[in-house]
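# Structure at a glance
Below, each chain spelled out in residue letters.
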Amino acid sequence: MNTSATPPVLVCSPNRTSCKRLISVGEALAKEHHCSVTMLFLQPQELVSKTVAEDIQTVYNIASRAKATITVLFNDSPLLALAVYARQINAARIVVDENDTFGHAAFGVLRTLLPDLTITVLQKNGQLLTFPPTEITEQNRHPHPTPVP
């Protein structure tokens, strides 16, 4: 539970491959918005193994260097777990990688579950797309991404 006055930037990664890039983006956003970074490493329950334990250690080391807190969750409903966790810590923004985030349909699901949060997506080419908070109505079901310089 986040008890600080300023909501944190929540960086979510389901693997260690993009963790360093995501943490860098989260760090920059946190610095810009004068807040902290929280890392969520989210895995399906069936992936509990020695290899995943090594991945967790790597992600922990990367997050620690960025002075980010880290939480590891094993859950078979990752998008729901991400949404619940974001609410629990009062996240202001979520940072995800377009390649790692549980498929392309995930953005629509996240937007539906968390319409009042900004979602920043790190693309393959290093560009960021930001989906600003929206009020979901019948006329506004699918927000249009806004490129971030």
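Let me begin by describing the structure that accompanies this report. (Residues numbered from 1 in each chain as written. Predicted model: local features only at pLDDT ≥ 70, side-chain atom pairs only at ≥ 80, totals over all residues. Heavy atoms only, no water.)

## Digging into the environment of Pro132
Heads up, the rule is: What counts as a helix is a DSSP run of H or I of at least four residues, what counts as a strand is a run of E of at least two, and both are numbered from the N terminus.
Among the secondary structure elements, Pro132 is positioned in the loop between β6 (128-131) and β7 (146-148). A C-alpha to C-alpha distance of 8.0 Å links Pro132 and Asp116, two positions 16 residues apart in sequence.

## Some thoughts on the pairing of strand β1 (residues 9-13)
Worth spelling out the cut-off: For every residue, the accessible area obtained with a 1.4 Å probe (protein chains only) is divided by the maximum for its type, and the residue is called buried under 20%, exposed over 50%, and partly exposed between those limits. When DSSP finds two or more bridges between a pair of strands, those strands are recorded as paired. Orient the strands so they point away from the viewer, and a crossover whose first-strand-to-second-strand path over the helix runs clockwise is right-handed.
Judged by how many residues are buried, β1 sits mostly within the fold: five of five residues are covered. Side chains Val9, Val11 and Ser13 of β1 all project onto a buried face; the interleaved residues Leu10 and Cys12 project onto the opposite face, where all are buried too. Two strands pair when backbone bridges link them, and β1 and strand β2 (residues 37-43) are joined in this way by five bridges, in the parallel orientation. Across the sheet, residue Leu10 finds its bridge partner in β2, namely Thr38. In the classification by handedness, the crossover that spans β1, the intervening helix α1 (residues 19-33) and the parallel β2 is right-handed. Note that β1 and strand β4 (residues 93-97) share three bridges and pair parallel. Bridging across to β4, Val11 finds its partner in Val95.

## Some details on the pattern of salt bridges
Stated formally: By definition here, a salt bridge exists when the distance from a side-chain nitrogen of Lys or Arg to a carboxyl oxygen of Asp or Glu is within 4 Å.
Evaluated as defined, the whole model comprises two salt bridges. Across the pair Arg21 and Asp97 runs a salt bridge whose closest N-O atoms are separated by 3.2 Å. Pair noted here: Arg21 is in helix α1 and Asp97 is in strand β4, with a separation of 76 residues, a long-range link. For Asp97, a relative accessible area of 2% puts it in the buried group.

## A closer look at α1
For the record, the criterion: In a helix, the anticipated span is given by 1.5 Å times the number of residues less one. Each direction from the helix axis to a C-beta atom contributes to the arc, which is the arc of those directions. By definition, residues are in contact when any of their heavy atoms lie within 4.5 Å.
Its 15 residues place the ends of α1 21 Å apart at the C-alpha level, agreeing with the 21 Å of an ideal helix rising 1.5 Å per residue. Residues of α1 that are buried: Cys19, Leu22, Ile23, Val25, Gly26, Leu29 and Ala30. Down the axis, α1 shows its buried residues gathered within 160 degrees of arc, on one side only. Every exposed residue of α1 that faces more than 90 degrees away from the buried side is listed here: Lys20, Lys31 and Glu32. Contacts from the buried residues of α1 go to β1, β2, α2 (50-65), β4, β5 (118-122) and β6.

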